[in-house]
Amino acid sequence: EIRLGVSVSATGPAAFLGDPEAKTIEMLVEQLNEKGGINGEKVALTLYDDGGDPNKARTFATRLIEDDEVVAIIGGSTTGTTMSILSVAEGEGIPFISLAGAISIIDPVREYVFKTPHTDRMACEKIFTDMQAQGISKVGMISGTDGFGASMQAQCKEVAGDYGVEIVADETYGPQDADMTPQLTRIRNTDGVQAVLNPGFGQGPAIVTRNVAQLGFDVPLYQSHGVASNAFIELAGADSAEGLRLPGTALLIADSLSEDDPQYEVVTSYTKAFKAAYNQEVSTFGGYAHDAFALMADAISRADDAEDPEAIRDALEKTSGFVGTTGTYSFSPEDHLGLDLSAFRMLEVKDGGWQPVE
Amino acid sequence: MLTVEGLRSRYGRIEVLHGLDLKVSQGEIVTVVGANGAGKTTLLKCLSGTQPASDGTIVFRGQSLTAVPSHKRLKLGLAQSPEGRQIFTNLSVEENLRLGAFLFADDQVDRDMADAFAMFPILKEKRNLAAGGLSGGQQQMLAIARALMGRPHCLLLDEPSMGLAPLLVAQIFDVVKSLKARDVTVLLVEQNAFGALKIADRGYVMETGRITISGPAADLIADPRIREAYLGL
Amino acid sequence: MDALLQFLFSGLTVGAVYALVALGFTIIYNASDVVNFAQGEFVMLGGMITVFAFDAGVPLPLAAVVAILVTAAIGVALNKLAIEPARGAPVVSLIIITIGASILIRGATQLVFDKQLHRFPAFSGDDPIRVLGATILPQSLWVIGGALAVFVGLWVFFTRTLTGKAVLATANNRIAAQLVGINTGWIMTLSFGLSAAIGAFAGVLVTPITLVSYDVGVALALKGFAAAMLGGMGNPKGALVGGLLLGCLEAMTAGYVSSQYKEAVAFIVILAVLFVMPRGLFGAKTTERV
Amino acid sequence: MSLLQVSGLGISFGGVKAVEDVSFAVAPGEIVSVIGPNGAGKTTLFNMISGIYLPGRGSVSLDGTDVTGVPPHRLAEMGLSRTFQNLQIFQEMTVLDNVLAGYHLSERGSVWADLLSLPGMRRRAARARAGAHQLLKRVRLDDKADQIAGNLSYGALKRLEIARALALEPRILLLDEPAAGCNAVETEEIDHLIAELSASGIAILLVEHDMKLVMRISNHIVVLDHGEKIAEGEPSTVSRDPAVIAAYLGTQEEEQADADG
Amino acid sequence: MAGRGKWISLAVLALLIGLLPLVFPSGYYFRVGALIFVNALSVIGLVILIGYAGQISLGHAGFAGIGAYACALAPEHLGLHPLLSLVLGAGISAAMAALIGKPILRLKGYYLAVATLGFGILVSMILTNERALTGGPDGMNVADPGLRSLLRDMGWRLSGGEFWYGISGLVLLVGAWLALNLFDSPSGRAMRALHGSEVAAATVGVDVARQKLRAFVISAVYASVAGSLLALQNGYITPDVAGFLHSVEMVTMAVLGGVGSVLGATLGAAILTLLPQVLTVFAEYEQLVLGLVMVLVMIFLPQGLLPSIARRLKGRDA
Ligand SMILES: Nc1ncnc2c1ncn2[C@@H]1O[C@H](COP(=O)(O)OP(=O)(O)OP(=O)(O)O)[C@@H](O)[C@H]1O
Ligand SMILES: Nc1ncnc2c1ncn2[C@@H]1O[C@H](COP(=O)(O)OP(=O)(O)OP(=O)(O)O)[C@@H](O)[C@H]1O
Ligand SMILES: [Mg+2]
Ligand SMILES: [Mg+2]
């Protein structure tokens, strides 16, 4: 029996992230065990819900390691919870794959810490690349004050210059705000704004999208991977969302993926299974958990000793060319993320659905 | 009209009424006197239902009150002017009186209110003020007037003369007497034992949760034990 | 100028949401001196139940009625099962009960329904109404109208009806209320039922704008509470004015100062108001003399 | 020299004058009673003297110092203590703790001493405790010392308030209807208590509707009606004053006769 | 008599802290124990404020936030030792409490609640928005105080969990001792008096405003120290520590345990800290059960766990 520990934010303000993550991992463990587990050993999953509270996350990490005696941990839906788990895992020498975005998780590289999501910086870079291609150089940004939004806001501001993009307006909104027209009016009244960028998750981006339409503010709207799901289009309204762009993963366009796409296999099987199990659309975040689990399972299967955290870590670090829903991972001692920008695809809402931008 | 038998009541573990018998007939004025802490207020609270009886029976106009919640007792005709006045401090004087007649929505409410104002003109003067701003004595008047608004068959008065000026004390006793003429029965708890016994038909003396002496009021006034212990004569 | 108007529209929309929550607080508060921190949950329930009934094919108006009735029943149950049994407990205990109840309702909602965001169509479409260069959604007018309607209803209830007075009397002095023949238990039931219904009604109105999920209640309750205190607790006028004012404050700050600190400005204004008027703008003075 | 001097005191509530231009003085050891119909302004007068209301007009001076508008806790430090018509008991505290609270001024020290439980604090607290037990005995509540005050009967609470007020070891004591809710015999005890206090040099300002008590023990009586002083003087003069009889006393011959008989 | 109660309370607490480790099956229990102690510490502060002085606060997490971030920021920016930072945080919290307490404490009941709530939100908003300084919502690292390595050099090897268990337990004991002293002192009585009737308290010479402020400042210091300890042992801190939910959690702990006593505070902290750990077996039902437990405790033990239980036991004896 291989003991695997998970602590995600299945409830609380980050439930958007943690809920699909928890569901995904539970589903995958079941699938795996049905198939006989890893090298004949079943996976025993211990999953905790830290509610997005870093303090609880640290306690659960301690519990996973000291009490449940797991050999590896996946989790940390938010940067805050990840940082809490990270120090415990690092201290006790347990491999840990984080599901959070911040670049600081793997930069500098820590011995036992890996992560599957793109960094926020990469999302920004992807967006700005697209903007640059569209000839957009002045952008109004409006971001949520939650961890996700704030982190992206900071990263985007840092890298914008590299792409010849200037952030001329920088507004925020609270995670539970109901109307963003004042902020958007400010952006609209800023000289030369050519596009609006809205990093965030939850209801905020849906409301922003509606408000942009309400104001008749006719510039391209960019969202982040935080809302990459079909449900988002429904919430924002297909009309309001039409033409909006964001950097997403192959998951969202599973239907239109060509069969020779390297990700076709993994993406379709995951989306189908998830839909079947929970009658719910997959999200990017569930995809991160999917990849984390798949990577971990793969590493354990390759490890010299499936019970030895050290061996699992080593195997993990040797992962190369592993295809996940998010992209293709190759870890190395210098890189514990192992994704590059190519993993992101620029998507656009067309006729009420997601389409890849050519 | 009102028969109490073997009434016991307790606060938590401490019993303060130890099996009390008491009877009030139709149209009578009956007074209960006793020292501080004897249990007079507790007795009245049991009658109005704001304090549970742990044992014994209370029968009012042929009906046992044991299972009747306090808000329904007024409907049966039992009203109380409680100790500490218990007025609605945040509501106006008029609203207090109107709520006294909460059960009624007829023309008589206005007439009753006019009567109350006639009885205590100061209340009329202050009708729109928050009752909490009234002076102690004014609040006492309001409590009595409010109880009368409920058109009781039987009125329970807990120290109605407390805090009232001498002129008004006399007036309150007159009012009680006049109630008798209107066939309203009165159970009167008073520290002004002398005044109370003078207008009462009968009286009870209470000591630490028990009735120790009872009889016609005139006899009680003459009783040396009572003269010494309660009348200070 | 059109910006100012836009900010005002935004402020009124958001403010009306706050006002509706704040108005929901008034009845229970007036009956029992308890601020029911589960009020936000009623709003959430109103939205969620409507969503699921609507998705199940029930026509929207009917779905809304169902949601309001079910929520009112939950409010009554909350009173019967949690508040009444704890009668006589200190007010802090009652507050903790309402907080516990709100966690419970949230947990149950998440089980019965789900953790996703939801929305149903706006009553009168999504085409913005243009006024002098600013825009407002028809649904905002519904929300503002709803807040005004609830306000008028409550105002009449508390100033013109005997039952309304009985509610006030119950909070002011429960024993005395019983002595004048008020069935205080029934008054409490009524208050919780009404409060919950108002909350659910708010949820029905605001969901097309704010979206709904099982956990939107906390933030709503918080803002509604702040609004109610700004206006003065217990007074419908205070709830309405407090809500609208808070909404406008936030919108103006977001528009003219900084969106990051708009809540901060709002709270600073609340503190300033309370400093001058310790019972809010319209708060009733309690008159206890010594 | 008078201990308490009230000059031209007045206050209005919502335009209505509750007290208007009231002046009088109280000397050490003297018992001055304020009487008048309900709503005459007696309690309001007390509230102004004891710093609970800020007087609208006029001044209060204690020992020659102007103390108008001085907050109650400062007045307490200067030796002024009072009881309330609407009982102000610390309901949830024990009877003993209620009285101990009255010892606050002599008991208190620095907050550090309290936090660290320094010996000085403990000594002061022990002294207060001993004093409190004495006082409870004096008002016959010693057997109830450890009961929760809220559970006492009305009359007992009345006495508890007096004990608490005495704990301050005041130089002037304001009593608002101390005998309300007490029967004739209990009233007599209060009568004795007040007499004792005044004999020990404490100035007493008394509001009371029990005229037997007032007439018996007062050195001086001030009569208020509609907030204004309508008469003042010795008990015998005041009780014969026609204005006072009309406004307040009424004709009590009948009852008086009965009682005497 | 009261004096004996104090020593009994302390002894019970000390025994619990000292003996529990004997039955701990794993290091995880030390972690939970330490959390309970830290929470209990801030709850004791609230007991002083709510239970004694009768003033509600829905913003005390703000002080915990100040304490926590002092330990995160001061070592980095001022080069202060983490422990001195704790003291600095307590000082700032006390000063803040004194500053805002003056105007705020004139308010009563819910108005005070909303004002303190506003304060808490302001603090957490600053911590969230001033990203450059605080790392924003994602939080920031807290330097290790280095005490453990010091102990190790002295030949005393402790795991992180054990170490913080000990430290938190010790601080809790000190906090409890101070609070118990206060309860049984003139200040404590004055606080309870103003709780009962401000007017009467004033007329017996209690400077009501000052006494309230005292309670507020003291409780702020408790919260601040607790926040600091939390930051130090977690090594990482986010603005959640100052958030509204944390404030509510603190009040809930206080009320659940019984708002009048130190042991009650500890019990309340223990229950609310343990519940989520126990409820993990219910996963889906966690929130539901948590809410249910809160409601049921309050219904059946309206005075809070400890006082209500004590009352029942007493009732049975007699
Ligand atoms: N709420 C309570 N809890 C516990 N004991 C109480 C409570 N109320 C009254 N008691 C006790 O019950 C006894 C009777 O009190 P009660 O108030 O009935 O006396 P009373 O005759 O009305 O006295 P008074 O003349 O002073 O008003 C007293 O010993 C009192 O201490
Ligand atoms: N806070 C207040 N608000 C409004 N009116 C007040 C207030 N305080 C006193 N009054 C009014 O002032 C007048 C004097 O009241 P006060 O209580 O002083 O009378 P009192 O002489 O003590 O009467 P009693 O003998 O009935 O106690 C009353 O008419 C009362 O209504
Ligand atoms: Mg009585
Ligand atoms: Mg008076």
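Computed from a prediction, not measured in an experiment: that's the story for all the values here.

**Quick notes on the overall build of chain B**
Each helix and strand counted, chain B has 10 helices and 10 strands in total. In summary, chain B has a C-alpha radius of gyration of 17 Å against a globular reference of 17 Å for 233 residues, a match within 12%. Along the first, second and third principal axes, the C-alpha set of chain B runs to 45 × 40 × 35 Å. Across the 233 residues in chain B, those meeting the buried criterion constitute 59%. In chain B, once contacts between residues fewer than 6 apart in sequence are set aside, the share between residues at least 24 apart is 65%. With an accessible surface of roughly 8600 Å², chain B has 50% of that area assigned to carbon and sulfur atoms. In chain B, the 26 positive side-chain charges and the 24 negative ones have mean positions that sit 3 Å from each other.

**Let's talk about the interface of chain E and chain C**
Opposite the 39 residues of chain E that make contact, chain C presents 49 residues. By the criterion of area lost to chain C, the three top residues of chain E are E:Tyr110, E:Tyr111 and E:Gln287, representing 22% of everything that side buries. Counting across the chain E and chain C interface gives 0 salt bridges. Applying the counting rule to chain E against chain C returns 8 residue pairs in polar contact (both at pLDDT 80 or more). For the side of chain E that touches chain C, the secondary-structure elements that each account for two or more residues are α5 (109-129), α12 (244-257) and α14 (286-300) of chain E. If you tally residues by element for the side of chain E that touches chain C, the top one is α5(E), at 12 residues. Looking at the side of chain E that touches chain C residue by residue, the class counts come to 30 nonpolar, 6 polar and 3 charged.

**Some points on the site of ligand 2**
Around ligand 2, a shell composed of 22 residues is seen, among which B:Ser135, B:Gly137, D:Lys42, D:Thr43 and D:Thr44 lie nearest. Taken together, the residues near ligand 2 originate from chains B, C and D. Residue D:Gln85 places a side-chain N or O atom 2.9 Å away from an oxygen atom belonging to ligand 2. Take D:His209: an N or O atom from its side chain is 2.9 Å from an oxygen atom of ligand 2. When ligand 2 is considered free in solution it has 630 Å² of accessible area, and contact with the protein chains removes 90% of it. Among the elements of the structure, α6 (136-149) of chain B together with α1 (42-49) of chain D are those that each provide at least two residues to the shell around ligand 2. Looking at side-chain class alone, the shell around ligand 2 contains 6 nonpolar, 12 polar and 4 charged residues.

**So, the site of ligand 1**
In the vicinity of ligand 1 lie 18 residues, with B:Gly37, B:Thr41, B:Thr42, B:Gln191 and D:Gly155 positioned nearest. Residues within reach of ligand 1 are spread across chains B and D. B:Glu83 has a polar side-chain atom sitting 2.8 Å from an oxygen atom of ligand 1. Compared with its free state, where it exposes 630 Å², ligand 1 has 87% of that area covered by protein. Every element with two or more residues in the shell around ligand 1 is listed here: α1 (40-48) of chain B together with α7 (154-167) of chain D. Broken down by element, the residue count for the shell around ligand 1 peaks at 3 residues, all from α1(B). Classifying every residue of the shell around ligand 1 by side-chain character gives 6 nonpolar, 9 polar and 3 charged.

**Quick look at a negative patch on the surface**
Residues and elements named next belong to chain A. Among the surface-exposed residues, Glu-1, Glu-41, Asp-304, Asp-305 and Glu-307 lie close enough to one another that they form a single negatively charged patch. With respect to the helices, strands and loops of the structure, Asp-304 is situated in the loop between α11 (284-302) and α12 (309-317). In this structure Asp-304 comes out as exposed when scored by relative accessible area, which is 79%.

Cut-offs and rules
- Residues numbered from 1 in each chain as written.
- Chains lettered and ligands numbered in written order.
- Predicted model: local features only at pLDDT ≥ 70, side-chain atom pairs only at ≥ 80, totals over all residues.
- Heavy atoms only, no water.
- Helix = DSSP H or I, 4+ residues; strand = E, 2+ residues; numbered from the N terminus.
- Rg over C-alpha atoms; globule rule 2.2 N^0.38 Å.
- Buried < 20%, exposed > 50% of the residue type's maximum accessible area, 1.4 Å probe, protein only.
- Contact = heavy atoms within 4.5 Å.
- Areas by Shrake-Rupley, 256 points an atom, 1.4 Å probe, with all protein chains shown as cover.
- Lys, Arg positive; Asp, Glu negative; His and termini not counted.
- Charge placed at Lys NZ, Arg CZ, Asp CG, Glu CD.
- Buried area = accessible area lost by both parts, 1.4 Å probe.
- Salt bridge = Lys/Arg side-chain N within 4 Å of Asp/Glu carboxyl O.
- Polar contact = N/O pair within 3.5 Å; in protein donor to acceptor, adjacent residues only side chain to side chain.
- Nonpolar A, V, L, I, M, F, W, Y, C, P; charged D, E, K, R; others polar.
- Near = heavy atom within 4 Å.
- Patch = residues over 30% accessible without salt bridge, like charges linked within 9 Å, V, L, I, M, F, W, Y side chains within 5 Å.

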